[in-house]
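An overview of the molecular structure
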Amino acid sequence: MIPLEVLALILPAVGALLPWLFRRDPKLQAASTLIITVLLLITVIQLVLAGETSRITLGSITPTLEFALQVDSLGLLFALVASGLWILNSIYSLGYMHGVYGPRFEGEQRYWSCFSLAIVAAIGIAFSANLLTLFLFYELMTFSTWPLVTHSRSDEAKRSGRIYLGILLGSSTLFLLSAIIWTWVLTGTLEFEAGGFLAGSATSGQVSILILLFCFGSAKCAIFPLHQWLPNAMVAPTPVSALLHAVAVVKAGVFTVLKISTSVIGADLMMSSWGAEVVAWTAAATILFASLVALTRQQLKARLAYSTIGQLNYIVLGAVVAFPAAIEGAALHIAMHAFGKITLFFAAGAIFVASGKTRIDQLAGIGKRMPWTMSAFLIGTLSVLGLPPLCGMWSKWLLAEGMIAAHQWAFLGALIVSSLLSIAYLIPISVQAFFASEPDDASPHGEAPWACRIPLLISAAACLLLFWWPGIFAQLAGMVR
Amino acid sequence: MLSFLSPWAPHFPILLVLLPLLGAVLSPLIGRGDRGWAWAVMTMGATTVVAMALLLRIREVGAVSYPLGGWQAPFGIELYVDLLSAMIALVVAAVGWVVTIYARASIRVEIPGDRLGAFWAVWLLAITGLLGILISGDAFNVYVLLEISSLTIYGLIAMGRSRDRKALVSAFNYLILGSIGAAFILIAIGLLYAQTGTLNMADLRSRLLEGGSEATVNTARAFLLAGLGLKMALFPLHFWMPAAYSTAPSAVAGLLSATATKVGIYMAMRFLYSVFPTDQGALTGANAWVLCACAGGAILFGSASAARQPSLSLLLAYSSVAQVGYIVLGLAVGQIDAMTGSILHIVFHALMKGGLFLCAGIIIYRLGGNEFHRLAGLGRRMPWTSAAIVVGGLGMIGIPGTAGFISKLHLLKGLFVAGQPLLAMLVLVGSVLAAVYTWRFVEVAYLKPVADEDSVPVDEPPGMLWPVWLLIGSSVLFGLHPAPVVKLATEAAQALLGAAG
């Protein structure tokens, strides 16, 4: 019997092979991929139900240094989000890619294959038992998403691909890897341990430098000044943007930061070091900066991208402030932001499929033509803003509670100001869509295909339901220490 | 495993040299064309089996000394094999075998017809020389065998002339520089002989430890390092190498990149740590600093140059300059983990770079050359070859999951432990630069549209492809399950540094 967490890695890996096996038959290809996505979700749910599981070694370098898996609550949270949204994203991909590129687009196999590999990486990151394994899958994610970002193969895509790879690979090699090896040299181990394992092995100066290296090494969390890859990656097809923003890539970055904060450095050391303070201030500045830039962006996807940068740094802030409520809020925000943001991206893509529009000023009156899509967009907006009765409220609530408990008034202020700013840059989109009248010369168009609409309706519904029943996500986040 | 060979066990060291030597001598009699190739494959296969058996035996019984003709050292000629030399010998033999299998088709188009008869003899003789250096326990024999391998290699490179006339020039340049290097090494050995009156390495060491003129020893070491620096293409003495590797027949480039420079590095390890006296197992003072500076220069210069080359072969050659830098860096620091990293990188780099040069050869075989303008859309035209290059390139960067990561991890740990975080940063910067040159290929192969749609796909000869994937695939295998090799390398490093301490 294969252990469930290994199965969770094997399933998407098989999913990466299927498109090549069934290259002749697109229907079979789509069906097999969808079956795999559902099987993965079932596997992850079983893992959630199973509770405690033992550590599993995949391969070893030396007796004390292994590639290994260990399930914990934070990992389950991330895996649940990634595998759940993968289903929606796959259905959506079918609709979007076929709508935009035609039924048999070039690079189809590569697209599906890399998508599945990114999920392998996400699951691997979520369940990694030590920094080495985490680094393995972190890099796998960088490389498996590069072909997706450069999918169109235009010069612009090439340029974005360079920035993407340059920032992500450069920072992870220079900072993250050196932090990992330094930790290894200082402590003799890389195994995650609840509460951290660095205490007692490093001086406070070393801890601070390590925190800086770790946080800036995980540039997937889009902390300033390493955020540039994210808006640039908007050149990718929209399902890929959704993958980057909600399901896998950025979440892998903040997950790494959160994991390192809780299981490598430990909350006590975090709270007492100046390194964490530097990161916290940078994150707070990034939040405000990203919100201000978002105000100026007229491309819908670019505005959403900057919104993501801000939201991610909520999580980074929570992770480095490291008060229990802040950690819990940060963990919960991984899930809650994912549902809200994926709705927004799905909607942006649906608009593009149906009408070819990408700029916000083109959206006047589109709510009448695409009522389903724009209603979902509104729900996603309100969730990202953190308003009741939508799920985004809980995580923001907890984050704010954490800031108050930590007496970090400045950071609390940053959260509040950025929430106000996000009202200013997100709400007008819906207002335009529903209340402005369409220009006279508008070309008529209807809704996006159902394959695009169903996923975004489901994710919007999830935003609503998770407010009333945050259930398993809240439980898992509550167990993160 | 291999127990049927056990009656021969004591004679493994000499068999390792005798087999390819006999193969070389008999090869012209066997014939040219496929019969010559089959003979060479058989010879290398037998040699690889012996190398494997030798490694297994040494893991059991420890280092082996073999008095040639029963004459005891230091008066007779001694063969001496320990874990380090046995490991590298296995790499040389095994990679040599795989490349021999690969070479069948490629030499037919790359070697002038009138030279085919001699090719396999020269080829096997070069491998004989390289293997001989690894098992020799006698300083002068090392020199002689080095000359045997060098002279044959000059010839092999010059055979690239039918594809690229520049092969003659680069072979000539290499001949001149290689001879200067050899002269330096000879002077160093001469100085040591003058000082101690012996040529046996173990004997040399014990007499040098007894004391003597420090100036002579230091001079000898400086001459030796300069000479070996040329042989292993250590920056700034690397300039013969890119030209030689890019104009040589591609099978030869594959063989050389995997084995020849590695044997030069082995000699440096052997002489610096097992012959010359060292201070508590580490190099000190000027030696260490000069080596570190050269290695650092190699990493930065080699990687940065690789990104600007016009062809894949040249890119790979400059990447080799950088990779030699990594190995020498670990060797110069002399810390146990760093040394382990160096030894691992000798093994892993041989697999990866050997495979990469063979890929470059497949492209030459099909497209007539591997300048970047020919490679547009290669990902669609030659999917398996391109994929192998990408995987090999990821290994050059040192992405986890590839063998390159394992060696780099140990090297970096060693540098941190030795209190050299700046050198560690240098290694990491080198990795980023490696990503730059690897991605240059990836962008051309996967993002540039194919110029001529009719040319898709190009047939990839399976007889060349599977040797490539054997090398590249094993590098991935070792990237995920490196434990046995890491254990061997750690023990080899301990033995080497222990002997020094």
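For the structure, check the block above.
These lines cover the structure that appears in this document, whether it is placed above or below. (Residues numbered from 1 in each chain as written. Chains lettered and ligands numbered in written order. Predicted model: local features only at pLDDT ≥ 70, side-chain atom pairs only at ≥ 80, totals over all residues.)

Considering the overall build of chain A
The helix and strand tally for chain A stands at 20 helices and two strands. Relative to its length of 481 residues, chain A is compact, with a C-alpha radius of gyration of 21 Å against a globular reference of 23 Å. Counting only residues that meet the buried cut, chain A has 61% of its 481 residues in that class. Taking contacts inside chain A between residues at least 6 apart in sequence as the whole, the part at least 24 apart equals 82%. (Helix = DSSP H or I, 4+ residues; strand = E, 2+ residues; numbered from the N terminus. Rg over C-alpha atoms; globule rule 2.2 N^0.38 Å. Buried ≥ 20, exposed ≤ 12 C-beta atoms within 10 Å, placed from the backbone. Contact = placed C-beta atoms within 7 Å.)

Remarks on the overall build of chain B
Regarding its fold elements, chain B presents 19 helices and two strands. Taken over C-alpha atoms, the radius of gyration comes to 21 Å for chain B, in line with the 23 Å a tight globule of 501 residues would show. Once the C-alpha set of chain B is aligned to its principal axes, its extents read approximately 75 × 55 × 45 Å. Going through the 501 residues of chain B one by one, you find that 61% of them count as buried.

Some points on the nonpolar core
The biggest cluster of nonpolar side chains holds 399 residues, and the ones touching the most others in it are Leu77, Ala82 and Val316 of chain A together with Ala89 of chain B. Top contributing element to this core by residue count: helix H14 (residues 324-355) of chain A, with 21 residues. The contact partners of Leu77 of chain A, leaving out residues within four places of it in the chain, are Ala331, Ile334, Ala335, Phe473, Leu476 and Ala477 of chain A. (Core = buried A, V, L, I, M, F, W, Y, C linked by C-beta atoms within 7 Å.)

Considering the environment of Val328 of chain B
Residues and elements named next belong to chain B. By secondary structure assignment, the location of Val328 is in helix H12 (residues 312-333). For the pair formed by Val328 and Gly414, sequence separation is 86 residues and the distance between their alpha carbons is 13 Å. Ignoring sequence-local partners within four residues, the contact set of Val328 consists of Leu234, Ile265, Leu291, Cys294 and Ala295.

Here's the deal with the packing of helix H6 (residues 155-187) of chain A against helix H7 (residues 204-217) of chain A
Residue and element names in this part refer to chain A. Contact geometry for H6 and H7: axes closest at 8 Å, N-to-C directions at 145°. Of the two possible hands of crossing, H6 and H7 adopt the one that is left-handed. Side by side, H6 and H7 meet where Ser171, Ser172, Phe175, Leu176, Ser178, Ala179, Trp182, Thr183 and Leu186 of the first sit next to Gln206, Leu210, Leu213, Phe214, Phe216 and Gly217 of the second. Here the residues of the contact of H6 with H7 sort into nine nonpolar, six polar and no charged. (Axes fitted to C-alpha atoms, helices over the stretch in contact; angles between N-to-C directions. Left-handed = near helix turned anticlockwise from the far one by under 90°. Nonpolar A, V, L, I, M, F, W, Y, C, P; charged D, E, K, R; others polar.)

Notes on unusual backbone geometry
Trans is the prevailing form of peptide bonds, just as negative phi is the prevailing case for residues other than glycine. Of the consecutive residues Phe224 of chain A and Pro225 of chain A, the connecting peptide bond is found in the cis state with omega at 0°. Geometrically, the link from Phe235 of chain B to Pro236 of chain B is a cis peptide bond, its omega value of 0° lying close to zero. Residue position: Pro236 of chain B is located in the loop between helix H8 (214-231) and helix H9 (240-247). With phi around 60°, Ala222 of chain A is a residue other than glycine that occupies positive phi space. In this fold, Ala222 of chain A is placed in the loop between H7 and helix H8 (229-232). You can call Ala222 of chain A buried: it has 29 C-beta atoms within 10 Å. One non-glycine residue, His407 of chain A, adopts positive backbone phi at about 55°. The residue His407 of chain A is located in the loop between helix H17 (392-405) and helix H18 (409-435) in this model.

Describing the environment of Ala244 of chain B
All names here are of chain B. Tracing the backbone through its elements, the reader meets Ala244 in helix H9. Taking the C-beta count within 10 Å as the criterion, Ala244 has 31 such neighbours and is therefore assigned buried. In this structure, the C-alpha to C-alpha distance between Ala244 and Leu256, residues twelve residues apart in sequence, is 9.8 Å. If sequence neighbours within four positions are ignored, Ala244 has contacts with Ile157, Ser170, Ala171 and Tyr174.

Structural notes on H9 of chain B
Residue and element names in this part refer to chain B. H9 sits mainly inside the fold: seven of its eight residues count as buried. Along H9, the residues classified as buried are Trp240, Met241, Pro242, Ala244, Tyr245, Ser246 and Thr247. In this structure, the buried residues of H9 make contact with helix H5 (139-158), helix H6 (166-196), helix H10 (250-275) and H12.

A few points about helix H15 (residues 383-397) of chain B
All names here are of chain B. The terminal C-alpha atoms of H15, which comprises 15 residues, lie 21 Å apart, in line with the 21 Å expected from a rise of 1.5 Å per residue. In terms of residue burial, H15 counts as a mostly covered element, since twelve of its 15 residues are buried. Here H15 has its buried residues at Thr385, Ser386, Ala388, Ile389, Val390, Val391, Gly392, Gly393, Leu394, Gly395, Met396 and Ile397. Looking at the packing, one finds that the buried side of H15 touches H12, helix H13 (336-367), helix H14 (378-381), helix H16 (403-417), helix H17 (421-447) and helix H18 (462-480). (Expected span 1.5 Å × (residues − 1).)

Details of the environment of Thr189 of chain A
All names here are of chain A. As for its placement among the helices and strands, Thr189 is situated in the loop between H6 and H7. Thr189 sits in the partly exposed class, given 15 other C-beta atoms within 10 Å. Taking the C-alpha atoms as reference, Thr189 lies 7.5 Å from Leu65; in sequence the two are 124 residues apart. If sequence neighbours within four positions are ignored, Thr189 has contacts with Thr64 and Phe197.

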